[in-house]
Amino acid sequence: KLLILDEPTNNLSVKESLKVLEFIKELRKQGISSVFITHNLHHVYPVADRIVVLSHGKKVGEFKKDETSIEEITNLITLG
């Protein structure tokens with residue numbers, strides 16, 4: 001089972017975004033995987049196990065969350 005979420009927190013209030021993140025955590029507890037596509041690292045980082053960074057359609061990085069930080073990922077994105 002897999003749920004793909006494309007920018008699910010885009011244009012949501014803080015409260016609504018938190019509900020989406022809690023929903024993703026609940027999916028994990030139920031054994032359902034999710035792909036969370038977003039530009040907002042502060043939303044995806046708390047719920048991610050792995051982070052894949054794409055730039056212009058090419059993979060430029062793949063990390064286990066506990067082996068990287070938001071700052072490192074931001075630098076990768078910024079430097080391209």
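Residues numbered from 1 in each chain as written. Predicted model: local features only at pLDDT ≥ 70, side-chain atom pairs only at ≥ 80, totals over all residues. Heavy atoms only, no water.

**Overview of the pairing of strand S4 (residues 58-64)**
Inference 1: Across 6 bridges, strand S3 (residues 50-55) lies against S4 in antiparallel orientation. Bridging from a neighbouring strand, Ser55 pairs with Lys58 of S4.
Inference 2: The loop that links S3 with its antiparallel partner S4 comprises 2 residues; one of these, His56, has a positive phi angle of about 55°. (Pairing = 2+ DSSP bridges. Helix = DSSP H or I, 4+ residues; strand = E, 2+ residues; numbered from the N terminus.)

**Regarding the nonpolar core**
Inference 1: The biggest cluster of nonpolar side chains holds 14 residues, and the ones touching the most others in it are Ile24, Phe36, Leu41, Val44, Val47, Ile51 and Ile73.
Inference 2: Sorting the residues of this core by element identifies helix H1 (14-29), helix H2 (41-44), S3 and helix H3 (70-79) as the ones contributing at least two each.
Inference 3: Setting aside residues up to four positions removed in sequence, Ile51 forms contacts with Tyr45, Gly61, Glu62, Phe63 and Ile73. (Core = buried A, V, L, I, M, F, W, Y, C linked by side-chain atoms within 4.5 Å. Buried < 20%, exposed > 50% of the residue type's maximum accessible area, 1.4 Å probe, protein only. Contact = heavy atoms within 4.5 Å.)

**Focus on a nonpolar patch on the surface**
Inference 1: Residues Leu2, Ile4, Val35 and Ile37 make up a contiguous nonpolar surface patch of about 360 Å² in total accessible area.
Inference 2: Mapped onto the nonpolar patch, the elements with two or more residues apiece are strand S1 (2-6) and strand S2 (33-37).
Inference 3: If you trace the backbone, Leu2 turns up in strand S1.
Inference 4: The class of Leu2 is exposed, set by a relative accessible area of 54%. (Patch = residues over 30% accessible without salt bridge, like charges linked within 9 Å, V, L, I, M, F, W, Y side chains within 5 Å. Areas by Shrake-Rupley, 256 points an atom, 1.4 Å probe, with all protein chains shown as cover. Salt bridge = Lys/Arg side-chain N within 4 Å of Asp/Glu carboxyl O.)

**What to know about the environment of Glu22**
Inference 1: Tracing the backbone shows Glu22 in helix H1.
Inference 2: The partly exposed category is assigned to Glu22, whose relative accessible area is 45%.
Inference 3: The spacing of Glu22 and Ala48 is 26 residues in sequence and 12 Å in space, taken between C-alpha atoms.

**Remarks on the pattern of salt bridges**
Inference 1: Under the counting rule described, the total for this entry stands at 4 salt bridges.
Inference 2: Note that Lys59 and Glu62 form a salt bridge whose closest N and O atoms lie 2.8 Å from each other.
Inference 3: We classify Lys59 as exposed; its relative accessible area is 53%.
Inference 4: With a relative accessible area of 40%, Glu62 lands in the partly exposed category.
Inference 5: Each of Arg50, Lys59 and Glu62 takes part in a single network of salt bridges with overlapping partners.

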